[in-house]
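Working through the structure, step by step
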Amino acid sequence: MSIIFYLLLLSSCTSSVLSTDVNDGLVLLKIKEQLGNPQELSNWVEGFQFCGGLPYGSGNVECTSTGRVRFLGIQHIKGPAAPFPEAICNLTELQGLSLLSLYNLYGPIPSCVNQLSNLGLLNIQNTGLSSLPESLFLNHQKLTNLIVTSNVFSGSIPASLSTIPTLYYVDLTNNSLKGSIPPDLVHGQYTYLFLSDNRFTGEIPKSYQWLPLSVIDVRNNKLTGDPSFLFNKENILTIDLSHNNFEFDFSNVEISETLSYLQLGFNKIYGKIPQSIASTNRFFFLDLRDNKLCGEIPQRQDFPWQPSDASIFADNKCLCGSPLPPCYKAGPAP
Ligand SMILES: *[C@@H]1O[C@H](CO)[C@@H](O)[C@H](O)[C@H]1NC(C)=O
Ligand SMILES: *[C@@H]1O[C@H](CO)[C@@H](O)[C@H](O)[C@H]1NC(C)=O
């Protein structure tokens, strides 16, 4: 009995010794060196108290109770041009990584990042990073939030991204990504998908009609087809399809009562405006500008269209009625 107890104690001691053997402080110094020793990280010096002891600045570190780095944020560094610091891949307990406004960081995200299997948040914004390896997300079974905006990523969305069961928030806004939108990108009860300002082509996958989407923003891509199956989804809040090549008949589309933002401007949508637009009785942002719509604009009971609403119907084929000029009605034949 007591022998087993001591063996257990010994093995737990051994494993804790092993884990503190890994010195994340040295890894942070290596990261600093790989970033070209930028001035902004001058308080990262040998033996520094990186766990919570640093004032908020360009480098933020949070630790686990065993002294491993759990969150690393590096931001606003004007240092020399540098590739992604691979030493980050040694922070194997990392749950959150945030690299913001590191304009001089260039090249690919290295595939060693898939060693960081505890990552829940990956947030990379305003860098010069330019490619996502196909295998990047093979081990990220805990990733919930992927925010990769305003970088220069090209190529298509790695297939491995569709394999993450926990991922519910994806923001890839403002890169140079192309190819089609993969099915099954997000999962869970409330999901958010921001893909605007890229070069995506093809259709929004039909499978998205079964996803519990809350927000979908694909503004300013080169998408085609008929995604109107999105409009009547349960719990949908925001849809932005503007500045694409969507082409479908709007006449009989049903619109969910939960939808409060519908931006369809600058597409090739045709037919009439459906009556369900008028029955939506909550605060509702709508923009139908620059499509091929025709016919009489449905009138709302509770919030009549105002003259200032004319622009949301502008530049269509032949819309008429308030807030645009009245429809021409042929009088009785003389
Ligand atoms: C990172 O890990 C590699 C191999 O896993 C090791 O060779 C290297 O020394 C580590 N770097 C640091 C700074 O700990
Ligand atoms: C898009 O990203 C580029 C850098 O790649 C940046 O210069 C630009 O300001 C970003 N645009 C927006 C609207 O954020």
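Going by the annotation in an unreviewed UniProt entry, the name recorded for the protein is Polygalacturonase inhibitor 1, with Rhynchospora pubera given as the source organism. As recorded by UniProt, the Subcellular location (unreviewed entry) comment attached to the protein reads in full: "Cell envelope".

With parallel pairing, the four strands of this open sheet are ordered in space as β7-β9-β11-β13. Lying at the two open borders of the sheet, with one neighbouring strand each, are β7 (154-155) and β13 (222-223). Bridge analysis of strand β9 (residues 176-179) against strand β11 (residues 199-202) gives two bridges, and the strand direction is parallel. Across the sheet, Lys-178 pairs through a bridge with Arg-199, a residue of β11.

Moving on: the environment of Phe-229. By the secondary structure assignment, Phe-229 is in the loop between β13 and β14 (238-240). As for Phe-229 and Ile-204, which are separated by 25 residues in sequence, their C-alpha atoms are 9.9 Å apart. Discounting residues that sit within four places of it in the chain, Phe-229 has contacts with Ile-204, Pro-205, Lys-206, Tyr-208 and Gln-209.

Pro-323 follows Ser-322 through a cis peptide bond whose omega is 5 degrees. When you line up the elements, Pro-323 lands in the segment after β19 (318-320). The residue Ser-101 is not glycine, and still its phi comes out positive at about 55 degrees. For Ser-101, a relative accessible area of 10% corresponds to the buried category. Despite not being glycine, Asp-315 shows a phi value in the positive range, around 60 degrees. By the secondary structure assignment, Asp-315 is in the loop between β18 (292-296) and β19. Accessibility expressed as a relative area gives 48% for Asp-315, which makes it partly exposed.

This next bit is on the pairing of strand β5 (residues 121-131). A regular strand places its side chains so that they alternate between the two faces of the sheet. Bridge analysis of strand β4 (residues 96-108) against β5 gives nine bridges, and the strand direction is parallel. Within β5, the residue paired with Leu-97 across the bridge is Leu-122.

If you check the shell around ligand 1, you find Val-27, Lys-30 and Asn-90 and nothing else. Protein contact buries 32% of the 360 Å² of open area that ligand 1 shows by itself.

Rules of the game
- Along every chain, residues carry numbers that run from 1 in the direction the sequence is written.
- Each chain gets a letter, beginning with A, and each ligand a number, beginning with 1, in the order they are written.
- Under the rules for a predicted model, residues below a pLDDT of 70 receive no local features and side-chain atom pairs below 80 are neither given nor counted, while totals for whole chains, interfaces and linings still include all residues.
- Heavy atoms throughout the structure, all of them, feed into the side-chain values; hydrogens and water do not.
- UniProt positions are given in the numbering used here, feature names are shortened, and annotations may be inferred rather than shown by experiment.
- For two strands to be treated as a pair, DSSP must find at least two bridges joining them.
- A run of DSSP states H or I qualifies as a helix once it reaches four residues; a run of E qualifies as a strand once it reaches two. Both are numbered from the N-terminal end.
- Any two residues having at least one pair of non-hydrogen atoms within 4.5 Å are treated as being in contact.
- Buried means the residue's accessible area, taken with a 1.4 Å probe over protein chains only, is under 20% of the maximum for its type, while exposed means over 50%, and partly exposed covers the values in between.
- We call a residue near a molecule or strand as soon as one heavy atom of that residue lies within 4 Å of the molecule or strand.
- Residue-level accessible areas treat just the shown protein chains as cover; the underlying method is Shrake-Rupley with a 1.4 Å probe.

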